[in-house]
Amino acid sequence: MVQTPGQGRHLFTKVLWQMLLGLLLVIAAGFLINFSLKQYFPQYLSYAPLVREIVWSLIVLIIGLWIASHLVAYAERRFARTRKDLYGLTLLIRIAVYIVLLAVILSIFHISIAGILAGSAVGGVVLGFAIHTFASNLLTGIFATASGALNYGDVVYVNSWVWNVNTVGQIVEIKALFSKMLTQDGALISIPNSVLLGSSALVEYAHEDNSYIYPVETMVNADVPMELVITEAKKASLFQHCDIFIQSRNGFNNTLHLMLRFQNVTELNGRIDEANRIIDAAYWKAKNGVTLYGPSYFARVPDSYPVLLGLPIDVPSARILDTARKQGLKVNLVNKTNAMNTFLLQVGVDDGKDLAQSIEAANLALEQIYGQLKDETTTAAAQKP
């Protein structure tokens, strides 16, 4: 129900009329009591002041409770307008009205409130300790929702340095003393408001496009270029709208920072598991398709497999490359030393043929070329005079 300005003014006017009516009833009750006692019960005329005090107290109590009910109804309508459901404030309104009523009724009976407070100093201290937790939870719940620090539906990480509460959950209820959270494990936990805001750090996760963003860190071995792992992981539907960052490197492991999206907090465990599985699969797929040669790497293309082969330098590498390419071999010279030439063979991958046999055939073919060219070189050298 939406509370309009006209309805608010109407309620204020209604409360004023109720207070005026209460005042008129008190005056009328005094005259009626005096008249009745003088005319019909003169023997009880000495009790007139006590009777008037009792009647006035009842009138004040009825009018006060009536006003309190209207104020609570007004507050509830205001919360509906602002989409906040603050139970603690309605309780606080009732407590405030009750305190005022008590003070007025005591004054009617000519009882000094200051005297009561002064005479019950020790009892007040004891009572103060007794209600400390209650008041702390109550006020914390009121301030939390009134200030916007907590709202229904917020997904937050609670890290308490006093209580053992470290969890991710969605706020599903905020009451006067306790608030309830639905955790990522599907459990519903109740946390005292004083703990939730008084002795905890709250991390509210970003919310955009009807989804929450949750950061996850995962480690990947550094023996595979991260560019290939990220490219492969981005092919999964989970990462189509999620960001992946390289958080850190230490030479042995790379840390990836994943920004996962979810709508319901109970989906979070499944999203984290799926993300880790995708990164793991991307790592192994990239690792199986990459050959590292010192600081350089060669990525495997879908229809070939890289193989290294070292041959002595007693045969010119140019002649080996030229002859191998004429025979249809995909070969490149990738390294030279004083004793060896290192060649990279791209072995074709055929689903109907065993990969090990293809690698073996390519190695033997290149060795055969080397042997043939070496024999030709040796024969040519022997024929020279």
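Just above sits the structure.
Residues numbered from 1 in each chain as written. Predicted model: local features only at pLDDT ≥ 70, side-chain atom pairs only at ≥ 80, totals over all residues. Heavy atoms only, no water.

Enquirer: What am I meant to see in the overall build of the protein here?
Expert: For the protein, the helix and strand inventory stands at 10 helices and 14 strands. Each of the 385 residues in the protein was classed as buried or not, and the buried ones make up 35%. Looking at the protein alone, contacts between residues at least 24 apart form 60% of all its contacts between residues at least 6 apart. Within the structure as shown, the protein displays about 23200 Å² of accessible surface, and the carbon and sulfur contribution to it stands at 62%. (Helix = DSSP H or I, 4+ residues; strand = E, 2+ residues; numbered from the N terminus. Buried < 20%, exposed > 50% of the residue type's maximum accessible area, 1.4 Å probe, protein only. Contact = heavy atoms within 4.5 Å. Areas by Shrake-Rupley, 256 points an atom, 1.4 Å probe, with all protein chains shown as cover.)

Enquirer: Please clarify how the environment of N193 should be interpreted in this entry.
Expert: With respect to the element layout, N193 can be found in helix α6 (residues 193-198). Under the relative-accessibility criterion, N193 is labelled buried at 2%.

Enquirer: Would you take a moment to explain the packing of helix α7 (residues 226-233) against helix α8 (residues 268-288) for this structure?
Expert: Each packed pair of helices is defined by two parameters, the angle between the axes and the distance between the axes. With their axes 8 Å apart at the nearest point, α7 and α8 run at an angle of 125° to one another. Of the possible angle classes, the one that applies to α7 and α8 is oblique. Judged by the twist between their axes, the crossing of α7 over α8 is right-handed. Across the interface between the two elements, L228, V229, E232 and A233 from α7 touch I278, I279, A282, Y283, K285 and A286 from α8. The residue inventory of the contact of α7 with α8, partitioned by class, reads 8 nonpolar, no polar and 2 charged. (Axes fitted to C-alpha atoms, helices over the stretch in contact; angles between N-to-C directions. Parallel < 35°, antiparallel > 145°, perpendicular 65-115°, else oblique. Left-handed = near helix turned anticlockwise from the far one by under 90°. Nonpolar A, V, L, I, M, F, W, Y, C, P; charged D, E, K, R; others polar.)

Enquirer: How do you make sense of the pairing of strand β8 (residues 243-249) when you look at a structure like this?
Expert: Successive side chains on a regular strand alternate, one facing one side of the sheet and the next facing the other. Both β8 and strand β9 (residues 253-262) contribute to a ladder of 6 bridges, which runs antiparallel. Its bridge partner being in β9, S248 is matched across the sheet by T255. (Pairing = 2+ DSSP bridges.)

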